[in-house]
Amino acid sequence: MKQTTRMAAASGRPEKTSPDWLGMHRTMLLIRHFEEAVRSLATAGAVPGLVHLCAGQEATNVGVIAALAKGDMIASHHRGHGHCLAKGADVASLLGEILGKEAGLCGGRSGSMHFIDLDNGNLGTNGIVGGGIPLAAGAALAARARGGDEVFVCFFGDGALNQGLLHECMNMTAIWKLPVVFVCENNGFGEFTAIDDVTAGPSIVARGEVFGIPSKMIDGMDVRTVFTTTQRAVTRARAGKGPSFIVCNTWRFGGHHVGDKQDYKADAETKRWLARDPIPKSAKRLIAEGLTTAVKLKTLEAQITTQVRVAVERVRNAPEPAATRLAEHVHG
Amino acid sequence: MVEPRVLSFREAVLEALFLEMHADPNVMLIGEDVGAAGGVFKQTEGLFKTFGATRIIDTPISEPGAFGMAIGAAMAGARPVFEVMFGDFMTLCMDQLVNQAAKVRYMSNGRASVPLVLRTTMGTGANLGPQHSQGFYAWAAHVPGLKVVVPSNPADAAGLMRAAIRDNDPVLFFEDRMLYPAKGAVDADIPLVPIGKARVLREGSDVTLIAIGRMAQFALDAAKRLAADGIEAEVIDPRTLVPLDQEALLQSVRKTHRAIVIDGAPRSYGVTGEIASIINEDAFDWLDAPVMRLGAADTPVPISRTLEPLWRPDAARIEKAVRTLLS
Ligand SMILES: Cc1ncc(C[n+]2csc(CCOP(=O)(O)OP(=O)(O)O)c2C)c(N)n1
Ligand SMILES: [Mg+2]
């Protein structure tokens, strides 16, 4: 995938003047089609284990990552394909990994939930809810020690709001003014449990504010809002002013994992959120602003479906890892 | 060649830290009161003054988050030494240790690694009781992906600390606080001690005493007393439990035909069982008697001055065990 959204200028920083809205749209489309391919592969029984899809949350994934420079890093979570793709993962390497194939980036050991891609600045998806948060915060600590100016984003779901790790890391990044952006993708549920049933207090953002961290709740279905909010947080972090906390309200269009019947969701609410699908919303705006045309978007979508189909064909029947690989890479 | 010096265990490890921090700007130290305060046991004294606050990080009392951050730092190019003040508190780091640090190399197919040292203290003898005495090295050794070091003397401790910092995997470094004042000769340049090599501390022909950490010192004391009666015990310190130098242990047993494995942690499901099994599997034909195991009681560590010494093996118990085994 071409990461036009990161627009590596000489500095490696994204340009501030003209955000690449079209590039972001393209990445959202790629994620949507990628997830659709994974869904049908999983339904066909081709995916080992559990797989959590992020369709519906693309604006959050893409808007945040588009505001980062190439050398900046992210830590993702169990619903992380979108983060991986937006951060530059090769489509076939990610898909191959999800299918547990030798050709996957991690040799079929990590699958969907433990995909580590340091070359693209991705500390990994994570099977432990909240587990990625200290990884990003710690990477920021290392960067500061070496005098680097990189920024570190940790993504987590609303379910991680009640993990002590989050509060510990908010505290430490705040006292040390580390360049971290905490991004909560609030999709209303942790597995089958509604956030309100398990999350005390009148406000989620207060959980950042209590540490003196600038905190904001935004529309996570609007890629532009997500981008501009993140950009401000990134600028602040890079200037040495410390962490920010962004709560992106969003919705997963599918179940917790493929196969989840979702009877805990109310139909009316689902309908309301579907009407806020970030992709048509972005398309409409791009056309209205003359940045593209409906015809061009059709062509773009066709290109992306082909890109994903080619990747599926490449890895679907690719070899399984050799038995000799089992004991490799336990120690260095 | 520069003359060896006599250093305490604590001083020797501290010198190793100075050396490695001078040698590699990526090395950082993270822990509670490790900075200006110099460590609760003076084990980090002077580092803060030399290396400053970006490399010597005083954390809040926040072990899970702080250790998780050390892992993230290691993944991003630093070489953190993370200090857990008392070994018992390692439980607070367990998720980060087991699910992140230990698995990153494997999960990434060798594309990422976690070069960090978790150092912690343990030991009985100061009546610190159930929550300030234990060392969970057997737990750690059960987790694939970690390396586990338990030194018994100043020179090994210092050389192993240097090696641990240079190692590209997470290394757990267990220090017995009762050994901190113990003195020993240390070569001036503090030679590296390779991780995964046992050391024969005393040669003997009648019985092999395989002893972990401070138990090796007790085993040496016992061997001295036994020698007065003409019993020659060989004392081997594995030094690292993962990787374990199996060959060195087996070689000794093939020579002496008898073995006692001695550990200062609860005996059940522990290190002694593992080592005894290895001997049984690979040196059975050489054995004149079943491998004997000495371990601590399967109880928490009591605080009482009477009960605490009963909790784990000591020189007298090792001596008695040898006499029983040989009789
Ligand atoms: C520490 C931990 N506890 C429980 C789980 C099981 N689990 C996996 S995902 C999930 C829900 C997480 O919800 P949230 O953080 O809101 O993310 P979402 O799935 O909604 O994207 C749970 C409970 C886990 N993986 N890790
Ligand atoms: Mg959720």
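The structure presented is a predicted model; accordingly, all values stated were derived computationally and were not measured.

Criteria and cut-off values
- Residues numbered from 1 in each chain as written.
- Chains lettered and ligands numbered in written order.
- Predicted model: local features only at pLDDT ≥ 70, side-chain atom pairs only at ≥ 80, totals over all residues.
- Heavy atoms only, no water.
- Helix = DSSP H or I, 4+ residues; strand = E, 2+ residues; numbered from the N terminus.
- Rg over C-alpha atoms; globule rule 2.2 N^0.38 Å.
- Buried < 20%, exposed > 50% of the residue type's maximum accessible area, 1.4 Å probe, protein only.
- Contact = heavy atoms within 4.5 Å.
- Areas by Shrake-Rupley, 256 points an atom, 1.4 Å probe, with all protein chains shown as cover.
- Lys, Arg positive; Asp, Glu negative; His and termini not counted.
- Charge placed at Lys NZ, Arg CZ, Asp CG, Glu CD.
- Expected span 1.5 Å × (residues − 1).
- Arc of directions from axis to C-beta.
- 1 Å grid on protein atoms, 1.4 Å probe; cavity = no way out; pocket = protein on both sides within 12 Å on 5 of 7 lines; lining within 4 Å.
- Points joined across faces, edges and corners; volume = space filled by probe spheres on them.
- Nonpolar A, V, L, I, M, F, W, Y, C, P; charged D, E, K, R; others polar.
- Domains from an automatic or database assignment.
- Buried area = accessible area lost by both parts, 1.4 Å probe.
- Salt bridge = Lys/Arg side-chain N within 4 Å of Asp/Glu carboxyl O.
- Pairing = 2+ DSSP bridges.
- Axes fitted to C-alpha atoms, helices over the stretch in contact; angles between N-to-C directions.

Turning our eyes to something else, we now look at the overall build of chain A. The secondary structure content of chain A amounts to twelve helices and seven strands. Taking 20 Å as the expected radius of gyration for a compact globule of 332 residues, we find that chain A reaches 19 Å, a close match to that expectation. Based on the C-alpha atoms only, the size of chain A along its principal axes is roughly 55 × 50 × 50 Å. For chain A, the residues scored as buried account for 58% of the 332 residues in total. Across chain A, every contact between residues at least 6 apart in sequence was considered, and the portion connecting residues at least 24 apart equals 73%. Carbon and sulfur atoms make up 55% of the accessible area of chain A, which totals about 13000 Å². A distance of 5 Å separates the average location of the 37 positive side-chain charges in chain A from that of its 32 negative side-chain charges.

What follows concerns helix α10 (residues 271-283) of chain B. All names here are of chain B. End to end, α10 covers 18 Å across 13 residues, agreeing with the expected 18 Å (1.5 Å per residue, within 8%). All of the buried residues along α10 are Val 271, Thr 272, Ile 275, Ala 276, Ile 278, Ile 279 and Ala 283. Taken down its axis, α10 places every buried residue within 155° of arc, on the same side. Those residues of α10 that are exposed and aimed more than 90 degrees away from the buried face are Glu 274 and Glu 281.

What follows deals with the layout of surface pockets. Considered as a void within the structure, the largest pocket measures approximately 750 Å³ in volume. Elements with a contribution of two residues or more to the lining of the largest pocket: α6 (137-141), β12 (240-242), β13 (259-266) and α10 of chain B. Here the lining of the largest pocket takes five residues from α10 of chain B, the largest share from any one element. Partitioned by chemical class, the residues of the lining of the largest pocket number 18 nonpolar, nine polar and two charged. When residues of the lining of the largest pocket are sorted by domain, at least three fall in each of domain 1 (5-186) and domain 2 (199-326) of chain B. Looking at the second largest pocket, its volume works out to about 320 Å³. Only β2 (152-157) and β4 (189-190) of chain A provide two or more residues apiece to the lining of the second largest pocket.

It is worth spelling out helix α3 (residues 63-75) of chain B at this point. In a regular helix each residue adds 1.5 Å, so 13 residues correspond to 18 Å; α3 of chain B covers 18 Å between its end C-alpha atoms and thus fits that length. With respect to burial, α3 of chain B is a largely interior element, 13 of its 13 residues being buried.

Residue and element names in this part refer to chain B. Once the domains are mapped, chain B shows domain 1 (5-186) and domain 2 (199-326). One C-alpha centre belongs to domain 1, the other to domain 2, and the line joining them spans 26 Å. In this complex, domain 1 contributes 25 residues to the contact, which on the side of domain 2 involves 28 residues. Of the roughly 2100 Å² buried at the junction of domain 1 and domain 2 (both faces included), carbon and sulfur atoms supply 56%. Broken down residue by residue, the surface that domain 1 buries against domain 2 is led by Thr 124, Asn 127 and Tyr 137, which jointly contribute 28%. The interface formed by domain 1 and domain 2 includes two salt bridges. Salt-bridge contacts for Arg 199 lead to Asp 156; the nearest nitrogen and oxygen are separated by 2.8 Å.

In this section: the sheet that holds strand β6 (residues 215-219) of chain A. Residues and elements named next belong to chain A. Strand order across the open sheet formed by five strands is β1-β2-β3-β7-β6, with parallel pairing between neighbours. The strands lining the two open edges of the sheet, one partner per strand, are β1 (73-75) and β6. Each neighbouring strand pair of the sheet contributes to a mean axis angle of 20°, computed without reference to strand direction. Of the strand pairs in this sheet, β1 and β2 are connected by three bridges, and their pairing is parallel. The residue of β2 that forms the bridge with Met 73 is Phe 152.

Contact with chain B, which involves 40 residues of that partner, is made by 38 residues of chain A. Roughly 3200 Å² of surface becomes buried between chain B and chain A when both sides are summed, with 66% attributable to carbon and sulfur atoms. Put simply, chain B and chain A have one salt bridge between them. Between Arg 111 of chain B and Asp 119 of chain A there is a salt bridge, with its nearest N and O atoms 3.0 Å apart. Put simply, the parts of the chain that give the side of chain B that touches chain A at least two residues each are β2 (27-31), β3 (56-58), α3, α4 (94-101) and α5 (104-107) of chain B. Counting residues per element, the side of chain B that touches chain A draws most heavily on α3 of chain B, at ten residues.

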